[in-house]
Amino acid sequence: PAVYAQTLISANGPTQSYGGGATVVSGYTANQATNSVILLALAFDTNLSGASATFGGVAMTLLASDTRTAIYGLANPGASSGDIVLNTGAGAANTIVTYGTLTGVDTGSFPLSSANGSSSFVANTATMSSSLTGLSDGDFVLSVFNRNSFFGFSAISGGSLSTLNSYNGADAGPYSGGIFGGNISSGDLTGGAFIPSMTFTGGTDGSSATFASAVAFTAVPEPASLGLVFGVVVLGCVAVYRRQKSA
């Protein structure tokens, strides 16, 4: 069975404003063990180009993006701690942020699958226009959705995934008034192709564009065949020893 350890958390509330070279978190401690991935999931309130992210000065890989959503990752980080820094490319952007470490990942396939796509909006559900493919039972999915406006919505969830961070435009401050909203969710799957979605309650708005990105990871295979291989090696050694003795 798949075994993951997650420490994916939101960055200081539902939304933050980031500009060029802004530090998302200072002195973040990463898991130095093999088979680990630092992840940074983002939904922006504006179109971005040329955005990038680093951990401890090392560039993170852009795993998936769709105009106003992005997921960055860094496999097996060498530093024990460092700053996670986001460069939005041009100007400041109000951002829904989740970051953290996922361990138990097969980093040989990094990621296992990714998908992007502006989404349709039917019956208070936004559905990604493309699917994650080649998945097996227990594979881990991280999805990000962004919607241009959230007028009247009281709650947002990640569909069949568990919500890590969500924002519906209702908070006080510069992000209020339904400017934008979104959801970052994660969870384990039951296999097959998977199409992420985001659901809304407490409002109706079918006109605003929605953007979405998602990635999937598979767990490190358990060494179920190790005992069999060891037994074959031992028997081979015994056979050689007897042959030499009889000679």
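Residues numbered from 1 in each chain as written. Predicted model: local features only at pLDDT ≥ 70, side-chain atom pairs only at ≥ 80, totals over all residues. Heavy atoms only, no water.

**Let's talk about the pairing of strand β8 (residues 61-65)**
- Strand direction decides the pairing type here: β8 and strand β9 (residues 69-75), joined by four bridges, are antiparallel. Bridged to Ser65 within β9 is Ala70. (Pairing = 2+ DSSP bridges. Helix = DSSP H or I, 4+ residues; strand = E, 2+ residues; numbered from the N terminus.)

**Observations regarding the side chain of Ser143**
- With respect to the secondary-structure elements, Ser143 resides in strand β15 (residues 137-147).
- With sequence-adjacent residues up to four places away left out, Ser143 is seen in contact with Leu161, Asn183, Ile184, Ser185, Pro196, Ser213 and Ala214. (Contact = heavy atoms within 4.5 Å.)

**What about the packing of aromatic side chains?**
- Going through the model one piece at a time under the given rule, you end up with three aromatic pairs.
- Centre to centre, the rings of Tyr28 and Phe55 are 6.3 Å apart; their planes meet at 80 degrees, and the pair counts as edge-to-face. One end of the pair, Tyr28, is in strand β4 (residues 22-29); the other, Phe55, is in strand β6 (residues 52-55), with 27 residues separating them in the sequence.
- Arranged with centres 5.5 Å apart and planes meeting at 90 degrees, the rings of Tyr28 and Tyr99 form a pair that is edge-to-face. Of this pair, Tyr28 sits in strand β4 while Tyr99 sits in strand β11 (residues 93-103), and the two are 71 residues apart along the sequence.
- Taken together, Tyr28, Phe55 and Tyr99 form an aromatic cluster joined through their ring pairs. (Phe/Tyr/Trp six-rings, centres within 6.5 Å; stacked < 30°, edge-to-face > 60°.)

**Considering the pairing of strand β10 (residues 81-87)**
- As paired elements, β4 and β10 share five bridges and run antiparallel to each other. In the sheet register, Ala22 faces β10, and the bridge partner there is Leu86.
- Bridging between β6 and β10 involves four bridges; their strand directions are antiparallel. Among the inter-strand pairings, Thr54 is bridged to a residue of β10, identified as Val85.

**Considering the sheet that holds strand β12 (residues 113-116)**
- Across the sheet, which stays open at both edges, the five strands sit in the order β12-β20-β15-β18-β17 with antiparallel pairing between neighbours. The open sheet terminates on both sides in strands that have one partner only, identified here as β12 and β17 (162-167). This sheet shows a mean twist of 10 degrees between the axes of neighbouring strands, independent of strand direction.
- With four bridges joining them, β12 and strand β20 (residues 210-217) adopt antiparallel strand pairing. Pairing of Ser113 across the sheet is with Ala216, part of β20. (Axes fitted to C-alpha atoms, helices over the stretch in contact; angles between N-to-C directions.)

**A look at the environment of Ala11**
- Locating Ala11 in the fold gives a position in the loop between β2 (9-10) and β3 (16-18).
- Separated by 88 residues in sequence, Ala11 and Tyr99 have C-alpha atoms that sit 7.0 Å apart.
- Apart from the residues within four sequence positions on either side, Ala11 is in contact with Gln16, Tyr18, Val24, Val97 and Tyr99.

**Focus: the sheet that holds β4**
- The four strands are arranged β4-β10-β6-β7 in an open sheet whose pairing can be described as antiparallel. Both outer strands of the open sheet, β4 and β7 (58-59), are each paired with one neighbouring strand and no more.

**Topic: the nonpolar core**
- Core analysis: the largest hydrophobic core is formed by 23 residues, its most contacted members being Val24, Tyr28, Leu40, Phe55, Met60, Ile84 and Tyr99.
- Ranked by size, the runner-up nonpolar core spans 19 residues in total, among them Leu8, Phe140, Val215 and Phe217. (Core = buried A, V, L, I, M, F, W, Y, C linked by side-chain atoms within 4.5 Å. Buried < 20%, exposed > 50% of the residue type's maximum accessible area, 1.4 Å probe, protein only.)

**What about the environment of Gly21?**
- Here Gly21 lies in the loop between β3 and β4.
- Given a relative accessible area of 45%, Gly21 falls into the partly exposed group.
- Note: C-alpha distance between Gly21 and Thr54 (33 residues apart in sequence) is 9.5 Å.

**Quick look at unusual backbone geometry**
- A cis geometry characterises the amide bond from Phe110 onward to Pro111, with omega recorded as -10 degrees.
- By secondary structure assignment, the location of Pro111 is in the loop between β11 and β12.
- Of note in the backbone geometry, Asn35 takes a positive phi value of approximately 60 degrees without being a glycine.
- Relative to the helices and strands, Asn35 is located in the loop between β4 and β5 (36-44).
- The backbone of Asn76 shows a phi angle near 45 degrees, a positive value even though the residue is not glycine.

**Structural notes on the confidence of the model for the chain**
- Chain-level statistics for the chain give a pLDDT mean of 76 and a share of 72% at 70 or above.
- Mean pLDDT across the secondary structure elements of the chain bottoms out at helix α1 (residues 226-246), with 38, and peaks at β8, with 94.
- In this model residues 224-247 is a low-confidence stretch, pLDDT under 50, and it forms zero contacts with partners more than four residues away in sequence or in other chains. (pLDDT = per-residue confidence, 0-100.)

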